[in-house]
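Tertiary structure, described
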Amino acid sequence: MTDRIADIWGERTPHGSGQAWPERMDQVLAEGLTDGDVDRWVQSACVLCSNGCGCDIAVKDGKMVGIRGRVQDRVNRGRLGPKGLYGSWQGEQHRDRLTRPLIRVDGELVQTDWDTAMGRIVERSKELLASKGPLSHGFYTSGQLFLEEYYALGMLGKAGIGTPHMDGNTRLCTATAAAALKESFGADGQPGSYTDVDECSAVFLYGHNMAETQTVLWARVLDRLDGPNPPKLVCVDPRDTEVARRADVHLAVHPGTNLALMNGLIREVLANNWIDEDYISQHTANLEQLRSVVEPWTPEKVAETCGVNAADVRRAAEIFGTEDRVLSTVLQGFYQSAHATASSCQVNNLHLLRGMLGKPGCGLLQMNGQPTAQNNRECGADGDLPGFRNWENPQHVEELARLWNVDPGVIPHWAPPTHALQIFRYVEQGSIGLLWISATNPAVSMPQLERIRHILDKDSLFLVVQDIYLTETAQYADVVLPCAAWGEKTGTFTNVDRTVHLSEKAVDPPGEARSDLDVFLDYARRMGFTDKDGQPLLDWAGPEDGFEAWKECSRGRPCDYTGLSYDKLRGGSGIQWPCTDGQPGSTAQPEGTERLYTDGEFPTAPEYCESFGHDLLTGATTGETEYKATVQPGKAWLKSLDYAPPHEEPDAEYPLRYTTGRTAYHFHTRTKTGRSRRLNAAAPEPWIEMSVEDAARAGCQEGDIARVTSRRGSLEVPVRVGDIRPGTVFAPFHYGYWDTSDGGAAAGSGTGDPAVVLKPDGGRHRAANELTITEWDPVSKQPLFKNAAVRVEKLRSGDGPSKAPDTTASRRATGARR
């Protein structure tokens, strides 16, 4: 195997259209070990991006010592990316691991036992429920737990406490995926499959830097591009990413103008009659409104608004309109930008106009940003009702109440679920007095960090954080709970294309750390949550009980798991839902389902749909009455919206557009990848990217230290002079403060003093979200991380090039000095 830091995607195994992706096993063992040294291999799947690659964990003497890809798995055929190879088990074996609970005493976090820690949580929880009621509690979770843990959290929050204040950091990365699928098709769930890469004749990537966010999937695309009949490739991204460098058409739009581009592409497809009129007539509704919305968006108007060439707009539309099998993928460039849901719905509309759904190579993947984000949405830990049920449908609420044996009135359904930014607003206002954060780090990942720090530091807030390390967020907690990580617990999770994997426990967690599931079950028992018959609300003995309970919750719903079991998931490949047992409420699909909507029937019937829809401009719910009066059951919606500029545009004071994103070598806020020696060495510190022209105007050369300022905060980081469109500044969002000089790598050590300040040092900021705006899409409520106005000023000369990677989209521009 090549060095996968330098060669991110590994050796090529080219294949042609309709051919199976060849196998290639990637493997890393601890230094000095060989296969013969391994005691046993334990089945799992990688959790360091949303791809969900099947893998096996090497165990020796009770410790994880290696990882290999599973060649029989449909997702990766044996491949792993750099994060999986070098950051999975390695990122969990650092001396910083939390091994005992911590409580705050006289302003400091000190170690304690589990009874004391849980006792404090339960005491405060009961006090608040007695004095303020269930709206005093909020839960903010992750895209990295297991299905069984999300379902337990959803049950205890909705049926135990009865709070609508539940969401996950999936709101930051994948909420628009769910929203767009609901608006167009009536329910969540990706229509396409990764195997569509092997069948397509064109690939469109909308705001999706697949080469860095899903390295193994990009390797699959590269193998098609290097094969005998490569697909055409179209990329929408303001940066010159590896995707853009291989593209036939690169549309380097201004951040915030995606909807204008999409309206223009649809106009061209309609104007040239590149549509399937029979499919549209039989399977869609709202065509005439769509026509009227997009009609003004000529290629020339798109070019003027988006900063691209009109000829490129025409060529991209021609490729979509004339190729016979098109695969589309969408990610943060659309989701975290202005008009997020409307822009993503227009991608859905292109596929509906051409009848390109449910057929090999005609895939649509509204991508996730995290490995288990799909389960968060399915199980209701993000605020939605479990099983893709509709909170506005009384029958769905009653069905869930019967399943849980609780009064329907306990389950919050009187208003929309509370989204993450509103949860933090309620904390700020004081109505939420207990906030429980699991496996996420909002002190680095949320927008406008100065405000978030003040919220987390409020005296009126009792903050519970469960994690594997003492993160920047955990530093503010009243109670910190040490949890088991990947490989230290058993559970299932589902990736972007609905593939369900089983991850078996390989080793014991360190010290007294417990699985997140054990923590939730313990809390439910201590709180005395019961059903109507006085029986425990959560009577599970372990994760497999949770999975079996979830299967019944999913029965008959779009995400039906009833045909799956732990035994069925052992030994082979992951399996795609719906996978059903054929019992009442489901048809028999015992081997899973590769693609959705093969028959052109969509889950839009009022009694079944997950959502009655929203106004794309205001976010107002359509409501049951209007929905029933306008819906054509079984047909998809061609929803559309006219473009308007983002609320914050560049001006004389802040002349540049600011956007954030990811690098191939880090995940989320570097909790694990920053503790991997090889990954951290590849991208050790933050940077900003500027074009050659913008850097020259600011008087900056490669490696100089600059201050980037928005209306909300500033960064002081090195400059990378790169191939990004002029007028745009990019910063990776991963970097916080736990590994700064005064935070130290020993912060949160299970044996040392955890009381370390993990906050900006003397006002010198390096977290990208110091600058971002507290604004969100009206439908998905996803923050707009890619729409801010900034200025850049040089602070001092650097002593060499920045440490930004030269192997990815961040590489230096040709001719950039130093």
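Thresholds applied
Residues numbered from 1 in each chain as written. Predicted model: local features only at pLDDT ≥ 70, side-chain atom pairs only at ≥ 80, totals over all residues. Heavy atoms only, no water. Helix = DSSP H or I, 4+ residues; strand = E, 2+ residues; numbered from the N terminus. Rg over C-alpha atoms; globule rule 2.2 N^0.38 Å. Buried < 20%, exposed > 50% of the residue type's maximum accessible area, 1.4 Å probe, protein only. pLDDT = per-residue confidence, 0-100. Contact = heavy atoms within 4.5 Å. Pairing = 2+ DSSP bridges. Expected span 1.5 Å × (residues − 1). Arc of directions from axis to C-beta. Polar contact = N/O pair within 3.5 Å; in protein donor to acceptor, adjacent residues only side chain to side chain. 1 Å grid on protein atoms, 1.4 Å probe; cavity = no way out; pocket = protein on both sides within 12 Å on 5 of 7 lines; lining within 4 Å. Points joined across faces, edges and corners; volume = space filled by probe spheres on them. Nonpolar A, V, L, I, M, F, W, Y, C, P; charged D, E, K, R; others polar. Core = buried A, V, L, I, M, F, W, Y, C linked by side-chain atoms within 4.5 Å. Lys, Arg positive; Asp, Glu negative; His and termini not counted. Salt bridge = Lys/Arg side-chain N within 4 Å of Asp/Glu carboxyl O. Phe/Tyr/Trp six-rings, centres within 6.5 Å; stacked < 30°, edge-to-face > 60°. Lys NZ or Arg CZ within 6 Å of the ring centre and 35° of its normal. Axes fitted to C-alpha atoms, helices over the stretch in contact; angles between N-to-C directions.

Concerning the overall build of the protein
- Summing up its helical and strand segments, the protein has 26 helices and 29 strands in all.
- Relative to the compact-globule value of 28 Å for 818 residues, the protein shows a C-alpha radius of gyration of 25 Å, a close match.
- C-alpha extents for the protein along the principal axes are approximately 70 × 70 × 60 Å.
- Counting every position in the protein, which comprises 818 residues, the buried fraction comes to 68%.

Remarks on the confidence of the model for the protein
- Scored by pLDDT, the protein comes out at a mean of 95, with 96% of its residues at no less than 70.
- Below pLDDT 50 for its whole length, residues 742–757 participates in 41 contacts with residues either more than four positions away or in separate chains.

Focus on the sheet that holds strand β18 (residues 491–494)
- The 3 strands lie next to each other as β18-β19-β20, forming an open sheet whose pairing is antiparallel. Of all strands in the sheet, those with a lone pairing partner are β18 and β20 (575–576), marking the two edges.
- Two strands pair when backbone bridges link them, and β18 and strand β19 (residues 499–503) are joined in this way by 4 bridges, in the antiparallel orientation. Bridging across to β19, G491 finds its partner in S503.

A short note on helix α2 (residues 114–131)
- Under the 1.5 Å per step criterion, the end-to-end length of α2 is 26 Å for 18 residues, consistent within 8% with the ideal 26 Å.
- Looking at α2, one finds that the buried residues are W114, A117, M118, I121, V122, S125 and L128. Along the axis of α2, the buried residues cluster in a sector spanning 130°; they form a single face. Along α2, the residues that are exposed and aim more than 90 degrees away from the buried face are D115, E123, A130 and S131.
- In the core, the buried residues of α2 are packed alongside β5 (102–105), β7 (137–141), β15 (434–438), β16 (462–467), β17 (479–482) and α21 (516–527).
- N-capping of α2 is provided by D113, with a side-chain oxygen placed 3.1 Å from the backbone N of D115.
- Downstream of α2 by one or two residues, G133 has phi in the positive range, about 90°.

Quick notes on empty space enclosed by the protein
- In total, this model carries 8 cavities of 30 Å³ or more according to the counting rule given.
- If you add up the space inside the largest cavity, you get close to 430 Å³.
- Grouping the amino acids of the lining of the largest cavity by side-chain chemistry returns 10 nonpolar, 18 polar and 4 charged.
- Contributing to the lining of the second largest cavity are 23 residues, with Q144, A439, D467, I468 and K672 lying nearest its centre.
- Class assignment for the residues of the lining of the second largest cavity results in 11 nonpolar, 7 polar and 5 charged.

Quick notes on the nonpolar core
- If you look at the biggest cluster of nonpolar residues, it comprises 118 residues, and the most contacted ones within it are F185, F204, Y206, W218, L251, L261 and L353.
- Per-element accounting of this core gives the leading share, 8 residues, to helix α9 (residues 258–271).
- Residue contacts for L353: discarding those within four places in its chain leaves I266, L270, I275, D276, I280, L287, L290 and L638.
- Of all hydrophobic cores here, the second largest spans 62 residues; its members include V122, L153, V519 and L537.

Digging into the pairing of strand β6 (residues 108–111)
- By the bridge criterion, 4 bridges tie β5 to β6 in an arrangement that is antiparallel. Bridge pairing in β6 links L102 to Q111.
- Linkage of β5 to β6, two consecutive antiparallel strands, is achieved through a turn of 2 residues, within which D106 is found at a positive phi near 50°.

Focus on helix α18 (residues 420–429)
- Looking only at α18, the buried set comprises A420, L421, I423, F424 and V427. Looking straight down α18, one finds that the buried residues subtend no more than 155° of arc, so they occupy a single side.
- Of the residues trailing α18, G430 is marked for its positive phi of about 100°.

Things to note about the side chain of K83
- Residue position: K83 is located in helix α1 (residues 82–87).
- Summary of buried charges: K83 has no salt-bridge partner, and the nearest side chain of opposite charge, E212, is 7.9 Å away.
- K83 has contacts with L48, C49, S88, E212, T663, A664, Y665, H666, F667, T673 and L679, leaving out every residue within four places of it along the chain.

Some remarks on the packing of aromatic side chains
- Taken as a whole and judged by the stated rule, the model has 23 aromatic pairs.
- Summarising the aromatic geometry, the rings of W687 and Y735 are spaced 6.3 Å apart at their centres and angled 65° between planes, so their arrangement reads as edge-to-face. Here Y735 lies in the loop between β28 (728–732) and β29 (788–796) and W687 lies in the loop between α25 (677–682) and β25 (688–690), a separation of 48 residues in the sequence.
- Taking relative accessible area as the criterion, Y735 reaches 0% and is therefore assigned buried.
- Grouped by ring-pair contacts, the aromatic residues Y151, W404, W540, F547, W550, Y561 and Y566 constitute a single cluster.
- A cation over an aromatic ring shows up here: R79 above the ring of W21, its NZ or CZ 3.8 Å from the ring centre.
- Positioned over the ring face of F730 is R239, at 3.6 Å from the centre of the ring.

Focus on the sheet that holds β16
- One open sheet accounts for 7 strands, arranged β6-β5-β17-β16-β15-β7-β8; its pairing is mixed. Only two strands of the sheet have a single neighbouring strand rather than two, namely β6 and β8 (166–168). Mean inter-strand twist for the sheet, computed between neighbouring axes without regard to direction, equals 20°.
- Docked against the sheet, α18 engages β7, β8 and β15, running at close to 120° with respect to β8.

Observations regarding unusual backbone geometry
- Going from W577 to P578, the amide bond is cis rather than trans, its omega being 0°.
- Structurally, P578 can be placed in the loop between β20 and β21 (580–581).
- Within the chain, N286 stands out as a residue other than glycine whose phi angle is a positive 95°.
- Assessed through its relative accessible area of 29%, N286 is described here as partly exposed.
- Look at H339: it is not a glycine, yet its phi comes out positive at around 55°.
- Counting through the fold element by element, H339 comes out in the loop between α14 (332–335) and α15 (340–354).

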